[in-house]
Amino acid sequence: MSNETGHIDLKRRRLTGLLLAAGVAGGFCAPRAAFAVATGEGEKRVVVLTSYPEELIARFQKAFEQANPGTRVEILWRHSADALTYLRRGGMAEIDVYWTPAPRNFALLKAEGQLAKLAPDPQALSAIAGHPVSDPDGYYAAFELAGYGIAYNPEAVKQLGLPPPRDWRDLSHHAYRGRVQMPIPGRVGFAPVMAEAVLQGQGWEEGWAQLAAIAANVDFGSGDRSPDVDDVATGRKAARMSIDFFISPSRRNANPAAGELAFVYPPRTAFNPAHVAISAHAPHPETAKAFVDFLLSTPAQEMLLEPSVRRLPVRREVYAAHPELSAQPFASGNLAYDDALRRDRQGLVAALFDVALVQPHTEAVALWNAVDLAWKEQRGNDARRAEIVALLTAVPVDERAQRDAGLRRLFAFPDLAPGQPEPTPSAERLAVEARWKTETRARLDTARRLLQAL
Amino acid sequence: MRTAAFVLSLVLVPPLALAQEPAGGDFSVLPVPGAEREAFQRILWEKIPNPLWDKVRSGRSLTRQTWVISPSLEPRIAGLGPTYNRPSCLSCHPGNGRGEAPASPADPMRGMLVRLSVPGQDGHGGPKPEPHYGDQLNEFGIPGVPGEGEAFLEWATHTERLADGQEIELRQPKIGFRHLAHGPLHAGLMTSVRIAPPIYGLGLLEAVPEADILALAKAQKAASAGVAGQPNRVWDAARRREALGRFGWKANQPTTRQQIAGALAGDMGITSDISPEPNCPSVQSACAAIKAKANERHPEISTADLDDMTLYHFALAVPDARRQNDPQVLTGKALFHTAGCAVCHQPTLKTGAFPTLSALAGQTIHPYTDLLLHDMGPGLADGRPDYRANGQQWRTPPLWGIGLAEAVNPHTGLLHDGRARNLLEAILWHGGEGEQAREAVRRMSAGERDALLAFLKAL
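Residues numbered from 1 in each chain as written. Chains lettered and ligands numbered in written order. Predicted model: local features only at pLDDT ≥ 70, side-chain atom pairs only at ≥ 80, totals over all residues. Heavy atoms only, no water.

Participant: Break down the overall build of chain B for me, with residues and values.
Facilitator: Of regular secondary structure, chain B possesses 14 helices and 15 strands. For a compact globule of 459 residues, the expected C-alpha radius of gyration is about 23 Å, and chain B comes in at 22 Å, within 12% of that figure. Based on the C-alpha atoms only, the size of chain B along its principal axes is roughly 65 × 55 × 40 Å. Relative to its 459 residues, chain B shows a buried fraction of 61%. Long-range contacts, defined here as pairs at least 24 residues apart, represent 69% of the contacts in chain B between residues at least 6 apart. For chain B, the accessible area works out to roughly 16100 Å², and carbon and sulfur atoms hold 57% of it. Considering chain B, the positive charge centre built from 45 side chains and the negative charge centre built from 47 side chains are found 2 Å apart. (Helix = DSSP H or I, 4+ residues; strand = E, 2+ residues; numbered from the N terminus. Rg over C-alpha atoms; globule rule 2.2 N^0.38 Å. Buried < 20%, exposed > 50% of the residue type's maximum accessible area, 1.4 Å probe, protein only. Contact = heavy atoms within 4.5 Å. Areas by Shrake-Rupley, 256 points an atom, 1.4 Å probe, with all protein chains shown as cover. Lys, Arg positive; Asp, Glu negative; His and termini not counted. Charge placed at Lys NZ, Arg CZ, Asp CG, Glu CD.)

Participant: Give a description of the interface of chain A and chain B that names residues and reports values.
Facilitator: Counting from both sides, the interface comprises 61 residues of chain A and, opposite them, 66 residues of chain B. Between chain A and chain B, a total of about 5100 Å² is buried, with carbon and sulfur atoms accounting for 53% of that surface. Viewed at the interface, chain B and chain A are joined by 9 salt bridges. The partner of Asp228 of chain A in a salt bridge is Arg60 of chain B, with the nearest N and O atoms 3.1 Å apart. Inspection of the region where chain A meets chain B yields 19 residue pairs in polar contact (both at pLDDT 80 or more). Going through the elements one at a time, β2 (35–38), α1 (54–67), β4 (71–77), α2 (80–88), α7 (230–233) and α8 (249–252) of chain A are the ones with two or more residues in the side of chain A that touches chain B. (Buried area = accessible area lost by both parts, 1.4 Å probe. Salt bridge = Lys/Arg side-chain N within 4 Å of Asp/Glu carboxyl O. Polar contact = N/O pair within 3.5 Å; in protein donor to acceptor, adjacent residues only side chain to side chain.)

Participant: Explain empty space enclosed by the protein residue by residue, including any values.
Facilitator: All names here are of chain A. Using the criterion set out here, one finds 8 cavities of 30 Å³ or more in the structure. Of the voids in this model, the second largest cavity is the one considered here, and its volume is about 150 Å³. Taken together, 15 residues form the lining of the second largest cavity, with Ala212, Ala356, Leu357, Ala364 and Leu392 sitting closest to its centre. Of all the secondary-structure elements, those providing two or more residues to the lining of the second largest cavity are α6 (204–215), α12 (339–358), α13 (361–376), α14 (382–393) and α17 (427–452). Taken together, the residues of the lining of the second largest cavity break down into 12 nonpolar, 2 polar and 1 charged. (1 Å grid on protein atoms, 1.4 Å probe; cavity = no way out; pocket = protein on both sides within 12 Å on 5 of 7 lines; lining within 4 Å. Points joined across faces, edges and corners; volume = space filled by probe spheres on them. Nonpolar A, V, L, I, M, F, W, Y, C, P; charged D, E, K, R; others polar.)

Participant: I'd like a description of the sheet that holds strand β8 (residues 190–195) of chain B, backed by residues and values.
Facilitator: Strands belonging to one sheet form pairs held by backbone hydrogen bonds; the direction of such a pair is parallel or antiparallel. All names here are of chain B. Strand order in the open sheet formed by 3 strands is β4-β3-β8, with antiparallel pairing between adjacent strands. Because the sheet does not close on itself, it has two edges, and the strands there are β4 (127–128) and β8. Pairing geometry for strand β3 (residues 112–121) and β8, over 6 bridges, is antiparallel. Bridge assignment links Val114 to a residue of β8, and that residue is Val193. (Pairing = 2+ DSSP bridges.)

Given below as structure tokens:
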């Protein structure tokens, strides 16, 4: 059986029948390892495109491979915009499964006829406050949910003399000045959904008012441009608007010692689904189906809760089995978070955030400080104060105007090809932004005058 | 022989009552109770100059990144392949910890790799790559490029008997290959199967002056007690000269930066200023075709990004030892010295100057390594030379943080190929220069052995 290379060529068809080269004795004086070479029929394979972090991928990859001996999960990785470009340029024939938090891509690929229908799974089709998390037509199914809320450092919050935050508006307390982080849409991948959690949960105008009031406590430094929670973990910042999975559950309910983190879900917040689908051109449709069935199975959904993964399952029965979970996405009274709405206006929201909150930030904070001082010195009455706060928290686009499809389109993010530069903003867009800036400036000026008159 | 070991150990036994200083000097941190699985990811921000924070963050996100196949909208993280093992550093170093060997021949290697070579040396005295497969088997190819094949492990077991009658089953891997894409492997093939080691504390080890390590080798030789570590001398590509090897199971990398560049190139197919050429042996035509494509951009990782990844490694704190005043741990510590473990697993080293991150300079550290190569006997041998390391030599791995290995990774695989399933098995595999120490452990009473293990688990 020895071939001319001196290695053993077994030409076995099945791995189970594998023999290995003899000659490796046990004991401490075994000779160096011998080799066996097996040639098998093409092994079974499923090619999966994802943007999940490696630790999550590895957990499911290993569990699936162990449950299906001989099958290999091959991972291709791309962020959502990059993935869409790749899939539209022939990638659908190279992958079997698309598995990722990118609801827009699933909706587009379905509309473009690129997805195969899944066997409907009634459990995975559940809805949050009436809003379905999976595709009602069965082309893509929810796999997990990302919950939005407040990460905070209990010790730091205590030192500010405040109770633990419960809702977004708690972060607008002036004691938090300079101690809160708020991810900037356009800078941090999850920030657009974060902003929508407030805008949809509180309504457009009240939502912007809350965001503006919280922004007074933010410094829009590097922490607001990155998804990391380091600054809260170390106590430099007291609280941060965040996704739940950035905070490990081991620390989520931790006893409040310095450096540990807690996380709270506001009463009405977003639980945004991530999905899984099979390509209509999958090279390995059978293993693809097995992989998707596995991801949606109860054991895999239970694995989502493990500390290396820490995501929220989509199967309701898992919540029933885990009453200790602070997240209850399917509880009644939750926000029916609408991600299609987020997508439709995310360019607009990002631009408004920039013009209304980030650009005039230094000036706005100075005015907020002046308001606090006036209040402390008991200058002015409640009505006047309310008037000033209203000026500091108003946005240049009201509830009715934001509905305008043309306006939303003006700010929509374009889909780019690799190497293609960001398009320069249109003259029309620049004109709208200039108007917003003028309006914002005028409001701040009025607020300043009112403050000086106190 | 025994007397010699005893004399040597006398010199090495520390006063027991002495409170242990932090494992990594100023760069140590106790794990947060309940969050031990993050113990290898802690960054001591307050010890890092503020202007470097963004670079450390950037290095962390690149180390955690799963890399993307070119072309991509995100060229910064693109360049995986043409062939590769895994798409992310964390695939093999989960939680900055160690990789696991597959339990059965049906399972793929997910946290380890196989080095390949044939007799001879490359231009710098390193291993000579296998002509068709290069110096490492890459299981995966990007679409259009076949993966090179799959390696698997089959385990042979045997039982060891300790002096008190306790029996311990040990397992030893045999390597096999399947689905080889480019024909049979070379007749003179040599292989080395290695799991990924943990990646904290490397800045401190890099900061230990070369002269101190060479002095240790000299002292071991002079003691002539059966232990005589040798420095590896390897090629330092950045400085274009030979240097002391410090990293990897055979100390075949001189610096953290070159080690990371080596991982990017060898494990992920990403080119850098240290490894500017994609690794495509000429028979691999699909791979070579990709390499020849005009729109390929090399190096795929920028110099600044590779620097950031390196800085992130330097910024990782060493987990501090725990339960240091527990009587059992103290007994175990004494046994660690009397058994001769401390000769190779040097408890204390001192760092010299370290301009890249001056907080690492001038520290007294407790890594439990001498960074030297030791002949560990035929049982552990891979038979594959690596620069000056011969087929039986391995670098003493640091033991700091080893007690947290199980909390960080859901397995307890130890030694270069992950064969040991716990600390005792790892010790029982010590042969060659480690044989005396192993025999000392074999002779211990159960209580003494438990104490020794309790000491290791407290590190």
